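# Fold and contact review
Spelled out from the first residue to the last, the chains are:
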Amino acid sequence: EGDIHEFEAGFKYYGIEIGAYYDMKTADGSAESYDGFGSKIDGNLPILDNETFANFGLVYGNRSYDSKNIILDKTRESDIWKAKLGISRHNIFGYKGVYAFATYLYSNVSDDIGFFDERYHIGLVGLGYRFYRDKIGLDKEELERYNRNFLLSGIGEEGHQKLKN
């Protein structure tokens, strides 16, 4: 048993987000309790047209464990690297709200106790549907602005115009 607390602060501008995080785990048996910190950058930018987006991310972090591992008699410290690369296409098959995506995730945890090293590769491919709010009282102009902002993934109309030029 235990608790995990995570805190994150960041800044997002034109589809790029830069941030830092801190996480803390308190667990029964202090050898598994840790403090962690790190930084990250994420992006989601339109490519080709207003319906296709590339997304990426990179994370570096460090975890320091509170006590010695009782079996290996050593205090752990881990360096964590994560990367993400993906593409999504909205309004596919001519249906508003239908989207497809493909994402590749990589993670490498390098621990000073080699037993705890880990590396993984994950590939995700999916098809989804986004429910629109047009049935809850938005007028046509509000709905168009809402949908456009969703497709631009937070970069806004002004940012989109700058990217197009």
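Everything below is about the structure printed above this text.
Each value, and the rule that gives it
Residues numbered from 1 in each chain as written. Predicted model: local features only at pLDDT ≥ 70, side-chain atom pairs only at ≥ 80, totals over all residues. Heavy atoms only, no water. Helix = DSSP H or I, 4+ residues; strand = E, 2+ residues; numbered from the N terminus. Buried < 20%, exposed > 50% of the residue type's maximum accessible area, 1.4 Å probe, protein only. Contact = heavy atoms within 4.5 Å. Areas by Shrake-Rupley, 256 points an atom, 1.4 Å probe, with all protein chains shown as cover. Phe/Tyr/Trp six-rings, centres within 6.5 Å; stacked < 30°, edge-to-face > 60°. Lys NZ or Arg CZ within 6 Å of the ring centre and 35° of its normal. Salt bridge = Lys/Arg side-chain N within 4 Å of Asp/Glu carboxyl O. Pairing = 2+ DSSP bridges. Axes fitted to C-alpha atoms, helices over the stretch in contact; angles between N-to-C directions.

### Here we look at the overall build of the protein
- The number of helices and strands found in the protein is two helices and seven strands.
- In sequence order, the secondary structure elements of the protein are arranged as β-β-β-β-β-β-β-α-α.
- Residue burial in the protein is summarised as follows: out of 165 residues, 31% are buried.
- A sequence separation of at least 24 residues applies to 47% of the contacts in the protein between residues at least 6 apart.
- Total accessible area on the protein is roughly 10900 Å²; 57% of this is exposed by carbon and sulfur atoms.

### Regarding the packing of aromatic side chains
- Within the structure shown, the criterion is met by six aromatic pairs.
- Here the guanidinium or amino end of Arg76 rests over the ring plane of Tyr65, the centre of that ring lying 4.1 Å away.

### Considering the pattern of salt bridges
- All told, the structure shown has five salt bridges when counted by the stated rule.
- Note that Glu8 and Lys40 form a salt bridge whose closest N and O atoms lie 2.8 Å from each other. Within this pair, whereas Glu8 is found in strand β1 (residues 2–13), its partner Lys40 is found in strand β3 (residues 34–47), the two being separated by 32 residues in sequence.
- Given a relative accessible area of 51%, Glu8 falls into the exposed group.
- When salt bridges with common partners are traced through the structure, they connect Glu8, Lys40, Asp42 and Lys84 into a single cluster.

### Overview of the environment of Thr52
- Along the chain, Thr52 turns up in strand β4 (residues 52–69).
- Judged by relative accessible area, Thr52 falls into the buried class, the value being 5%.
- Residues contacting Thr52, with those up to four places away along its chain left out, are Leu45, Pro46, Ile47, Ile87, Ser88 and Arg89.

### Brief notes about the sheet that holds strand β6 (residues 98–111)
- Ordered in space as β1-β2-β3-β4-β5-β6-β7, the seven strands form an open sheet in which the pairing is antiparallel. One side of each edge strand has no neighbouring strand; the edge strands of this open sheet are β1 and β7 (118–129). Averaged over all pairs of adjacent strands, the angle between strand axes in this sheet comes to 15°, irrespective of strand direction.
- Note that β6 and β7 share 12 bridges and pair antiparallel. Note on β7: the bridge partner recorded for Phe101 is Gly126.

### A few points about unusual backbone geometry
- If you check the backbone angles, Tyr14 has positive phi at about 50° while not being a glycine.
- Among the secondary structure elements, Tyr14 is positioned in the loop between β1 and β2 (16–27).
- Positive phi, normally seen in glycine, also occurs at Leu48, with a value near 65°.
- Its location among the elements puts Leu48 in the loop between β3 and β4.
- Judged by its relative accessible area of 82%, Leu48 falls in the exposed class.

### Structural notes on the pairing of β3
- Pairing of β2 with β3, which is carried by 10 bridges, proceeds in the antiparallel orientation. From the neighbouring strand, Gly19 faces β3, where its bridge partner is Lys40.
- Relative to β4, β3 is paired through 14 bridges, and the arrangement is antiparallel. By the bridge assignment for β4, Ile41 is matched with Leu58.
- Hairpin geometry of β3 and β4 is characterised by an intervening segment of four residues between the two adjacent antiparallel strands and by a positive phi of about 65° at Leu48.

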